[in-house]
Amino acid sequence: MPELPEVEVVRRGLERHVTGRTIASVDVLHPRAIRRHVPGAIDFASRLVGHSLDAARRRGKYLWVELSSGEAVLAHLGMSGQMLVQSADAPDEKHLRVRVRFADDGPELRFVDQRTFGGLSVEDTVEVDGETLPEPVAHIARDPMDPAFDLDAAVRALRAKRTEVKRALLDQTVVSGIGNIYADEALWRARVHWARPTERLSAAKARELIGAATDVMAEALVAGGTSFDALYVNVNGQSGYFDRSLAAYGQEGLPCPRCGSPIRREPFMNRSSFSCPRCQRRS
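One structure accompanies this document, and this report is about it. (Residues numbered from 1 in each chain as written. Predicted model: local features only at pLDDT ≥ 70, side-chain atom pairs only at ≥ 80, totals over all residues. Heavy atoms only, no water.)

Of all 11 residues making up helix α5 (residues 180-190), 10 are buried, and the element is well covered by its neighbours. The complete set of buried residues in α5 reads N180, I181, Y182, A183, D184, E185, A186, L187, W188 and A190. Looking at the buried residues of α5, the elements they touch are α1 (4-17), α4 (165-170), α6 (203-222), β11 (264-268) and β12 (271-275). Just beyond α5, the residue with positive phi is R191, at close to 60°. (Buried < 20%, exposed > 50% of the residue type's maximum accessible area, 1.4 Å probe, protein only. Helix = DSSP H or I, 4+ residues; strand = E, 2+ residues; numbered from the N terminus. Contact = heavy atoms within 4.5 Å.)

Encoded structure:
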């Protein structure tokens, strides 16, 4: 699923291509695409038409566009959701779910989702610590790229979880934006095994770990994110290429870039964790 760098790439594309434009019409082509919008497709469209898209925002892995009405369109990209900016005469994508046309007759915004795990919804907004957030996102912690991110508070929260360190890294109420890929990469950089108990993580090591996560996500953002298939793309349909720089995630059996030991894969929460058995010892 998309993590902070991938979502930020999409956010920047939306900021460039659709903000400031007024919505002329909305076509919901698959009901699952707006299943989180409980009132249904007609209500979803009516709350968008006639309003402008004022800004594209993100917190961690959560993406939304602010409406001039004061509400927000929250986008759940799921495993295959794509926000594409396409010419109105471009052929419809096979898995096109929602089409948004604008009053300026310029390129339209399309939500494409092959597996239909993602979706769009119109949400009320609330004020949290001086920020305007969609209500479903109000409990999410700030991410390391947020100018107001409090590193010391995140370190305390991480060490207080009393769980495996990777589980704590993935807890979006502790620090947001980090998913399975960048957790494994940060743990590799900090030489920490994913199963180390958080109570055995020193404040200095926790700070190093969050710093490693910040660095790897910043590098991935420059590369356009991590794409393992054609499902994750930016608004122009282009894939990211940070997968070429991964040291641990998905590298089972390949030599560790630091010591040469084969990277191992271990089961973790119905997924996998990848680590170096020499650089990241359990003890």
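Picking up after the structure, the text goes on.
This next bit is on the environment of K161. Relative to the helices and strands, K161 is located in the loop between α3 (151-159) and α4. Residues K161 and V174 lie 13 residues apart in sequence; the distance between their C-alpha atoms is 8.7 Å. Those residues within four positions of K161 in sequence are excluded, and the remaining contacts are A168, D171, V174 and T198.

Between its first and last C-alpha atoms α1 spans 20 Å; for 14 residues at 1.5 Å apiece the expected length is 20 Å, and the two agree. The buried count for α1 comes to 10 of 14 residues, which makes it a mostly enclosed element. Regarding α1, the residues found buried are L4, P5, E6, V7, E8, V9, V10, R11, G13 and L14. Residues of α1 that are buried sit in contact with β2 (53-59), β3 (62-67), β5 (81-86), β7 (108-113), α5 and α6. (Expected span 1.5 Å × (residues − 1).)

Counting residues in each nonpolar core, the largest one holds 43 residues, and the members touching the most others are L158 and L209. Residue assignment for this core shows that the elements contributing at least two residues are α3, α4, α5 and α6. Ranked by residue count, the leading element in this core is α6, at eight residues. Not counting the four nearest positions on each side in its chain, L158 is found in contact with V165, A168, L169, V174, T198, L201, A206, L209 and I210. (Core = buried A, V, L, I, M, F, W, Y, C linked by side-chain atoms within 4.5 Å.)

On to the side chain of R58. Tracing the backbone through its elements, the reader meets R58 in strand β2. Classification of R58 as buried rests on a relative accessible area of 17%. One polar contact links the side chain of R58 to the main-chain carbonyl oxygen of G60, over a distance of 3.1 Å. There is a polar contact of 2.9 Å between the side chain of R58 and the side chain of D143. Contacts of R58, omitting those with residues within four sequence positions, involve L4, V7, E8, R11, L63, W64, D143 and M145. (Polar contact = N/O pair within 3.5 Å; in protein donor to acceptor, adjacent residues only side chain to side chain.)

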